[in-house]
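# Fold and contact review
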Amino acid sequence: MQRWIAGIYDIWPDIATISRVLKRLNITKKKLSRKAIQANQELRTDWLARLQLYEACQLIFLDETGISTNRSIRRTDGWSYAGISAVVEEPLARGEHYSVLPAYTINGLITWAIVDGSFDTELFLQFVRESVLPLCNPWPHARSVLCMDNVGIHNKQELEAICTPKGVQLLF
């Protein structure tokens, strides 16, 4: 913050001065929350409304996550008014990492896959075909709806082609 003020106003403020001003403005230091720039609250609200049409026992959630080797250079702290989370919007970083793809229900984890790197459409479809669908039941039984986000590797047409014959519904 000191460097930012110096760059904008051509003065080098004392840390104690910055601290007093922030305290007077009721701005406190917090751990940063990360929010994808690509997030769309309207689409999320629509998805949550559609999710309520199903019983919890019918749902199987698929959601990739990973750990990147470049995470150590990212800021972890930020400043915001007291009572308000510190959030930074940023593009999702891509790089070398391990990816984990769990399938879980209301009763917990039912299967998973771990890859060195990222999942692509082919690996994702293979996971669904070989590891998830054998654990599914036809609609409207338990474990009959696959829930996932709409990232590019979740190819809707190809997923419908392998899930529909099994009676499994998709929720994006």
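Residues numbered from 1 in each chain as written. Predicted model: local features only at pLDDT ≥ 70, side-chain atom pairs only at ≥ 80, totals over all residues. Heavy atoms only, no water.

## Some words on the overall build of the chain
For clarity, the threshold we go by: By the criteria applied, helices consist of DSSP H or I runs no shorter than four residues and strands consist of E runs no shorter than two, each listed in order from the N terminus. This radius of gyration counts C-alpha atoms alone. The globule rule is 2.2 Å times how many residues there are, raised to the power 0.38. Throughout, exposure labels follow a simple rule: accessible area from a 1.4 Å probe, protein chains only, divided by the maximum for the residue type, with under 20% read as buried, over 50% as exposed, and the rest as partly exposed. Computed with a 1.4 Å probe, the accessible areas rest on the Shrake-Rupley method; for each residue, only the protein chains presented here act as cover. Working convention for charge: Lys and Arg count positive, Asp and Glu count negative, and His plus the chain ends are omitted. Where a charge lies is defined by one atom per residue type: Lys uses NZ, Arg uses CZ, Asp uses CG and Glu uses CD.
Assigned secondary structure in the chain consists of five helices and nine strands. Listing the helices and strands of the chain from first to last along the sequence gives α-α-β-α-β-β-β-β-β-β-α-β-α-β. Against the globule reference of 16 Å for 172 residues, the chain gives a C-alpha radius of gyration of 22 Å, more extended than a compact globule. Along the first, second and third principal axes, the C-alpha set of the chain runs to 70 × 35 × 25 Å. Counting all 172 residues of the chain, 31% fall into the buried class. When the accessible surface of the chain is split by element, carbon and sulfur atoms take 54% of a total near 11900 Å². Here the chain contributes 19 positive and 18 negative side-chain charges, whose respective centroids are spaced 11 Å apart.

## Remarks on a nonpolar patch on the surface
The test is simple: Only residues whose relative accessible area exceeds 30% and that form no salt bridge are eligible for patches; like-charged ones are grouped when within 9 Å, while nonpolar side chains (Val, Leu, Ile, Met, Phe, Trp, Tyr) are grouped when within 5 Å. A carboxyl oxygen of Asp or Glu within 4 Å of a side-chain nitrogen of Lys or Arg is what we treat as a salt bridge.
Residues Ile67, Tyr98, Tyr104, Leu109, Trp112 and Ile114 make up a contiguous nonpolar surface patch of about 670 Å² in total accessible area. Looking at the nonpolar patch, the elements with two or more residues in it are strand S6 (97-105) and strand S7 (108-116). Here Ile114 lies in strand S7. With relative accessibility at 55%, the residue Ile114 sits in the exposed group.

## Topic: helix H2 (residues 15-24)
What counts here: Any N or O atom pair separated by 3.5 Å or less is treated as a polar contact, with the protein-specific requirement of one donor-capable and one acceptor-capable atom, and with residues adjacent in sequence counted only for side-chain atom pairs.
For H2, the N-terminal cap is Asp14; the gap from its side-chain oxygen to the backbone nitrogen of Ala16 is 3.1 Å. Phi for Asn26, located one or two positions after H2, is positive at around 65 degrees.

## Describing helix H1 (residues 2-9)
Put simply, the test is: Think of it as the arc spanned by the lines of direction from the helix axis to the C-beta atoms. Any pair of residues with heavy atoms lying within 4.5 Å of one another is described as a contacting pair.
Listing the buried residues of H1 in full gives Gln2, Ile5 and Ala6. End-on view of H1: buried residues confined to an arc of 100 degrees, all on one side of the axis. The exposed residues of H1 that point more than 90 degrees off its buried face are Arg3, Trp4, Gly7 and Ile8. Of the surrounding secondary structure, the elements contacted by the buried residues of H1 are H2. Positive phi appears at Asp10, one or two residues downstream of H1, with a value of about 60 degrees.

## A word on the sheet that holds strand S4 (residues 77-81)
Inclusion rule: Should DSSP find at least two bridges between two strands, the strands are taken to pair. Lines fitted to the C-alpha atoms define the axes, with helices restricted to the stretch that makes contact. Angles between their N-to-C directions range from 0 to 180 degrees.
Strand order in the open sheet made by the three strands is S4-S1-S5, with mixed pairing throughout. Only two strands of the sheet have a single neighbouring strand rather than two, namely S4 and strand S5 (86-90). Neighbouring strand axes in the sheet, compared pairwise and without regard to direction, differ in orientation by 50 degrees on average.

## Some words on the pattern of salt bridges
This structure, assessed with the given rule, holds one salt bridge. Put simply, Asp46 and Arg50 hold a salt bridge, and the shortest N to O gap is 3.4 Å. Here Asp46 and its partner Arg50 are both found in helix H3 (residues 41-51), four residues apart, which amounts to about one turn of the helix.

## Brief notes about the state of the cysteines
Simply put, disulfide is the name for a covalent bond between the sulfur atoms of two cysteines. Rules: Here, a disulfide means two cysteine sulfur atoms that sit within 2.5 Å of each other.
As enumerated under the stated definition, the model contains zero disulfides in all. Not engaged in a disulfide, the cysteine Cys147 finds its nearest cysteine sulfur in Cys136; these two sulfurs lie 11 Å apart. Not engaged in a disulfide, the cysteine Cys163 finds its nearest cysteine sulfur in Cys136; these two sulfurs lie 7.0 Å apart.

## Describing the environment of Leu101
Along the chain, the position of Leu101 falls in strand S6. Apart from residues lying up to four places away in sequence, Leu101 is in contact with Leu62, Asp63, Glu64, Thr111, Trp112, Ala113, Phe119, Phe124 and Phe127.

## Here we look at unusual backbone geometry
At the junction of Trp139 and Pro140, the peptide bond is cis and its omega measures out at 10 degrees in the coordinates. Tracing the backbone through its elements, the reader meets Pro140 in the loop between helix H4 (121-132) and strand S8 (145-147). For Asp10, which is not glycine, the phi dihedral falls at a positive 60 degrees. In this structure, Asp10 sits in the loop between H1 and H2. Residue classification places Asp10 among the exposed positions, given a relative accessible area of 71%.

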